[in-house]
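Read off the chains here:
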Amino acid sequence: MRNDKATIAVVALGYWSQALTNGALRVVVPVYFAATGMSISKIAFLFFLFKFAEIFAPLGIGVMLNRWGYKRTFITGLAIHSVISSFYMIPSFILIYTERFVRGLLYMADMSAVYVKHFSRKQDQRFLINMMLGLKEASKGIGMIGGGLLIGIATIEHTLLVFAVLTAASALVALRRLPDLKEQVKLPVFKIWGTVDRKIKTLGLGFGLLNGALDAWGVVVLPVYLTKVLDVSPAFVGTVMMAEYIFQGLIVTFFSKYVNLRWEPKKLLVAGGLLLVPISLALSFAATLYPFLAAVFVYMFFFSALMVYYNHLMLDFASEDKTSLDLATYTTLSNVFKPIGVFASGLLAESLGFSSAYYFGALLALLSALTCLALPNLATERTGMVSSFATGS
């Protein structure tokens, strides 16, 4: 294991520049296509394609990291991110559908996490992985407000060109500065699942359900609800979503640095998931703007605190010799319920009303908490490991 701060900085630059683009698209796509008269369910389908691709992305990225090496995979991901932004310059829904799906396949989280695992000290990893992933959310927030402002004064083509240039610049920096690492253990694709520890799979499934709970109202329903029900402007929607993601990023980063709850992680994940259930239900009863926004930010606070522990345990559970494949399995499971949350919420909101999307999110949060009951008691497990080493068994 190496301690290389410059490497982490280069990886963060690339990851966060990609997040800026994804953040901009979170605002630009629904606002632009809603203005053209596209239905909620069709807008939801554009995000469904992105989320659906994310189910398959981690395994493909994990195999590429394992076979190609870390540097080549990272730079390729950034380069493709830049190229597909140009698809909006051609008026074709086929190209837009392709962009949505391909961008979902380019899952940069695992490309970044492997560098944290191998290029930082173990005692620093809890903070670094959460800083990396947390400030990625903040970058998405900045991208949202940037996209919202740019789409107000420029075309969608020129708006995305700005973000494509930023991603391309990050790829060039990575090409010059990023070190490479290739894993020694290489497994056939169909044997990966069986070699991954059960606790990684359980953790990934728990986080997947929690992600689905958030996306059930936070991706399509939130901006449309704000504009159509609470009658706010697209610029205000962009500001709210920007603030939401910046808030999440800051909570994750500073919580991981300065707060270390003494609860056993399993109990914390279960209790936190249960706490999100009534908050999800509260969103359906908030009929005016400020109570609704208060519920949104309370939800994001507790979601962000839980994210700190999921991120740290993800890296802690991953093995040294096949990090990319362990993380691929975890993130595959953590992405499974995102497209379900997005697409189902669009259908529910359109057919049964917006409240049904919040009820669906509450159900997924409850299932996440119940799933985490299957995690091992980590304090007991580590005590047992120490005892085994002490007795020589």
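Residues numbered from 1 in each chain as written. Predicted model: local features only at pLDDT ≥ 70, side-chain atom pairs only at ≥ 80, totals over all residues. Heavy atoms only, no water.

### Some details on the environment of Val296
Thought 1: Inspection of the secondary structure assignment puts Val296 in helix 13 (residues 289-317).
Thought 2: Through-space distance from the C-alpha of Val296 to that of Leu283 is 7.2 Å; in sequence the pair is 13 residues apart.
Thought 3: The contact partners of Val296, leaving out residues within four places of it in the chain, are Trp217, Leu222, Glu244 and Leu283. (Helix = DSSP H or I, 4+ residues; strand = E, 2+ residues; numbered from the N terminus. Contact = heavy atoms within 4.5 Å.)

### Examining the nonpolar core
Thought 1: By size, the foremost hydrophobic cluster in this structure holds 121 residues, and its most contacted members are Leu226 and Phe292.
Thought 2: It is helix 13 that contributes the most residues to this core, 18 residues altogether.
Thought 3: Leave out the neighbours within four places in its chain, and Leu226 touches Asp231, Val232, Val237, Val240, Leu289, Phe292 and Leu293. (Core = buried A, V, L, I, M, F, W, Y, C linked by side-chain atoms within 4.5 Å. Buried < 20%, exposed > 50% of the residue type's maximum accessible area, 1.4 Å probe, protein only.)

### So, the packing of aromatic side chains
Thought 1: Summed over the entire model, instances satisfying the criterion amount to 22 aromatic pairs.
Thought 2: With 4.9 Å between their ring centres and 45° between their planes, Phe48 and Phe343 make a pair best called tilted. On the criterion of sequence distance, the pair formed by Phe48 in helix 2 (residues 40-68) and Phe343 in helix 15 (residues 337-352) is long-range, its members being 295 residues apart.
Thought 3: When the centroid spacing of 6.1 Å and the interplanar angle of 85° are considered together, the rings of Tyr225 and Tyr358 count as edge-to-face. Here Tyr358 lies in helix 16 (residues 354-372) and Tyr225 lies in helix 10 (residues 221-228), a separation of 133 residues in the sequence.
Thought 4: Residue Tyr358 is classed as buried on the basis of its relative accessible area, which comes to 1%.
Thought 5: Put simply, the rings of Phe45, Phe48, Phe52, Phe56, Phe93, Tyr97 and Phe343 touch in pairs and so form one group of aromatic residues.
Thought 6: Positioned over the ring face of Trp68 is Arg72, at 4.2 Å from the centre of the ring.
Thought 7: The aromatic ring of Phe47 is capped on one face by Arg100, whose charged end is 5.6 Å from the ring centroid. (Phe/Tyr/Trp six-rings, centres within 6.5 Å; stacked < 30°, edge-to-face > 60°. Lys NZ or Arg CZ within 6 Å of the ring centre and 35° of its normal.)

### A word on the pattern of salt bridges
Thought 1: For the structure on display, the rule yields eight salt bridges.
Thought 2: Put simply, Glu54 and Lys338 hold a salt bridge, and the shortest N to O gap is 3.6 Å. Placement of Glu54 in helix 2 and of Lys338 in helix 15 is noted, with a sequence separation of 284 residues between them. Of the two residues, Glu54 and Lys338, neither departs from the other in class, the shared state being buried. (Salt bridge = Lys/Arg side-chain N within 4 Å of Asp/Glu carboxyl O.)

### Some remarks on unusual backbone geometry
Trans is the common state for peptide bonds, and a negative phi is the common state for residues other than glycine.
Thought 1: With a phi close to 55°, Asp231 is a non-glycine residue in the positive phi region.
Thought 2: Mapped onto the elements, Asp231 comes out in the loop between helix 10 and helix 11 (234-258).

### Focus on the packing of helix 3 (residues 70-84) against helix 7 (residues 156-177)
Thought 1: Orientation of helix 3 relative to helix 7, taken along the N-to-C sense of each, is 160°, at an axis distance of 8 Å. Judged on the interaxial angle alone, helix 7 and helix 3 are roughly antiparallel. The two elements helix 3 and helix 7 cross, and the hand of that crossing is left-handed. Here Lys71, Phe74, Ile75, Leu78, Ala79, His81 and Ser82 of helix 3 lie close against helix 7, whose contacting residues are Ala164, Thr167, Ala168, Ser170, Ala171, Ala174 and Leu175.
Thought 2: Here the contact of helix 3 with helix 7 is composed, by residue class, of nine nonpolar, four polar and one charged. (Axes fitted to C-alpha atoms, helices over the stretch in contact; angles between N-to-C directions. Parallel < 35°, antiparallel > 145°, perpendicular 65-115°, else oblique. Left-handed = near helix turned anticlockwise from the far one by under 90°. Nonpolar A, V, L, I, M, F, W, Y, C, P; charged D, E, K, R; others polar.)

### Points about the packing of helix 9 (residues 198-218) against helix 13
Thought 1: Where helix 9 meets helix 13, the closest approach of the two axes is 11 Å, and the angle between their N-to-C directions is 160°. Considered as vectors, helix 9 and helix 13 are oriented roughly antiparallel to each other. Between helix 9 and helix 13 lies a crossing whose hand is left-handed. Mapping the contact onto sequence places Lys199, Ile200, Leu203, Gly206, Phe207, Leu210, Asn211, Ala213, Leu214 and Trp217 in helix 9 and Val296, Tyr299, Met300, Phe303, Leu306, Met307, Tyr310, Leu313, Met314 and Phe317 in helix 13.
Thought 2: Its residues assigned to classes, the contact of helix 9 with helix 13 comprises 17 nonpolar, two polar and one charged.

### Focus on empty space enclosed by the protein
Thought 1: Tallying each qualifying case throughout the model produces one cavity of 30 Å³ or more.
Thought 2: Looking at the largest cavity, its volume works out to about 600 Å³.
Thought 3: Looking at the largest cavity, it is lined by 37 residues, and the ones nearest its centre are Tyr107, Lys136, Glu137, Lys140 and Lys338.
Thought 4: Element by element, the count of residues in the lining of the largest cavity is highest for helix 1 (residues 5-35), at six residues.
Thought 5: Residues of the lining of the largest cavity, tallied by class, amount to 18 nonpolar, eight polar and 11 charged. (1 Å grid on protein atoms, 1.4 Å probe; cavity = no way out; pocket = protein on both sides within 12 Å on 5 of 7 lines; lining within 4 Å. Points joined across faces, edges and corners; volume = space filled by probe spheres on them.)

### A few points about a nonpolar patch on the surface
Thought 1: On the surface, Leu274, Leu363, Leu366, Leu367, Leu370 and Leu373 cluster together to form a nonpolar patch covering roughly 480 Å² of accessible area.
Thought 2: Position of Leu274 relative to the elements: it lies in helix 12 (residues 265-285).
Thought 3: Owing to a relative accessible area of 40%, Leu274 belongs among the partly exposed residues under this scheme. (Patch = residues over 30% accessible without salt bridge, like charges linked within 9 Å, V, L, I, M, F, W, Y side chains within 5 Å. Areas by Shrake-Rupley, 256 points an atom, 1.4 Å probe, with all protein chains shown as cover.)

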